[in-house]
Amino acid sequence: MSDPVAPAAPPDPPHCLIFAFDHRLDHAQVVAMAELVDHAIDQGGELRLLLDLRRTDSFAPGAFFSPKGLLSSLRSIGPVSRYAVVGAPAIAAAAVEGFGKLLPLESRAFPADAYDEAHRWVTGERT
């Protein structure tokens, strides 16, 4: 007689982190974002990220090239399954679109007027 098979537990829903930036995106903000992402990675499970840049006017040179930001980016390869950016400058949007071709994640760039669509895509909400 075989043992009964217990039904599989449903997977945990993904953790979704949404970051919205105003005016100027600088080094301190990137470090703060990296610390939150690192904490979420430490909690385990699937992670999804949305960066809202609709109100960001400028970017500090090298903001994303801090040691903390780079280390967090490297650690996020694997745990992050979806990554989206809304309202990014054209070159940043192109880079985000390229992430999904190079890294094991889905990534999309959305225009500034498509925040709701980006939110639904990152969170997996159905309309």
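Along every chain, residues carry numbers that run from 1 in the direction the sequence is written. Whole-chain, interface and lining totals are the exception, using all residues; otherwise, since this is a predicted model, local features are given only for residues with pLDDT of at least 70 and side-chain atom pairs are given and counted only at 80 or more. Only hydrogens and water are set aside; all other atoms, that is, all heavy atoms of the structure, feed into the side-chain values.

## Describing the overall build of the protein chain
- When helices and strands are tallied, the protein chain shows 4 helices and 4 strands.
- Counting from the N terminus, the helices are the DSSP runs of H or I reaching at least four residues and the strands are the DSSP runs of E reaching at least two. The order of helices and strands in the protein chain, counted from the N terminus, is β-α-β-α-β-α-β-α.
- Summarising its shape, the C-alpha atoms of the protein chain cover approximately 70 × 35 × 25 Å along the three principal directions.
- The buried share among the 127 residues of the protein chain stands at 34%.
- The contact criterion used is simple: two residues touch if any of their non-hydrogen atoms lie within 4.5 Å. Summarising the internal contacts of the protein chain: among those between residues at least 6 apart in sequence, 76% fall at separations of at least 24. Burial classes follow relative accessibility: with a 1.4 Å probe on protein chains only, a residue under 20% of its type's maximum area counts as buried, one over 50% as exposed, and anything between as partly exposed.

## Details of the packing of helix H1 (residues 27–43) against helix H2 (residues 67–75)
- Axes here mean lines fitted to C-alpha atoms, for a helix over just the part in contact, with angles spanning 0 to 180 degrees between N-to-C directions. Packing of H1 against H2 leaves a shortest axis separation of 9 Å and a crossing angle of 30°. Classified by the angle their axes make, H1 and H2 are roughly parallel. Handedness of the crossing formed by H1 with H2: left-handed. Residues Val 30, Val 31, Ala 34, Glu 35, Val 37, Asp 38, Ile 41 and Asp 42 of H1 lie in contact with H2, whose contacting residues are Lys 68, Gly 69, Ser 72 and Arg 75.
- The class makeup of the residues in the contact of H1 with H2 is 5 nonpolar, 2 polar and 5 charged. Working rule for angles: under 35 degrees goes down as roughly parallel, over 145 as roughly antiparallel, 65 to 115 as roughly perpendicular, anything else as oblique. Here is the rule for handedness: rotate from the far helix to the near one, and if that takes an anticlockwise turn smaller than a right angle the crossing is left-handed, while a clockwise turn gives right-handed. Residues are sorted three ways: Asp, Glu, Lys and Arg are charged, Ala, Val, Leu, Ile, Met, Phe, Trp, Tyr, Cys and Pro are nonpolar, and all the rest, Gly among them, are polar.

## A few points about the environment of Asp 113
- Its location among the elements puts Asp 113 in the loop between strand S4 (106–110) and helix H4 (115–123).
- Judged by relative accessible area, Asp 113 falls into the exposed class, the value being 72%.
- Separated by 26 residues in the primary sequence, Asp 113 and Gly 87 have C-alpha atoms spaced 7.7 Å apart.

## A closer look at the packing of aromatic side chains
- Think of it this way: a Phe, Tyr or Trp ring, Trp meaning its six-membered ring, pairs with another when their centres are within 6.5 Å, and the plane angle makes it stacked under 30 degrees, edge-to-face over 60, tilted otherwise. Counting across every chain of the model gives 2 aromatic pairs.
- Arranged with centres 5.8 Å apart and planes meeting at 55°, the rings of Tyr 83 and Phe 99 form a pair that is tilted. With Tyr 83 in strand S3 (residues 80–86) and Phe 99 in helix H3 (residues 90–102), this pair connects stretches of sequence that are 16 residues apart.
- For the ring pair Phe 110 and Trp 121, a centre distance of 6.1 Å and an interplane angle of 55° mean the geometry is tilted. Of this pair, Phe 110 sits in strand S4 while Trp 121 sits in helix H4, and the two are 11 residues apart along the sequence. The residues Phe 110 and Trp 121 share a single accessibility class, namely buried.
- Taking NZ or CZ as reference, Arg 82 lies 5.0 Å from the ring centre of Trp 121, over its face. For a ring to carry a charge above it, either NZ of a lysine or CZ of an arginine must fall within 6 Å of the ring centroid while also lying within 35 degrees of the normal to the ring plane.

## Some points on the confidence of the model for the protein chain
- Confidence scores per residue from the predictor, reported as pLDDT, run from 0 to 100. Residue-level pLDDT values for the protein chain average 87, and 94% of them are 70 or greater.
- Here H2 stands out as the least confident element of the protein chain, with mean pLDDT 78; H4 is the most confident, with 97.

## So, the pattern of salt bridges
- Any carboxyl oxygen of Asp or Glu within 4 Å of a side-chain nitrogen of Lys or Arg constitutes a salt bridge here. Scanning all chains against the criterion turns up 7 salt bridges.
- Its salt-bridge partner being Arg 75, residue Asp 42 comes within 2.6 Å of it at the nearest N-O pair. In this pair, Asp 42 sits in helix H1 while Arg 75 sits in helix H2, placing the two residues 33 residues apart along the sequence.
- Assessed through its relative accessible area of 53%, Asp 42 is described here as exposed.

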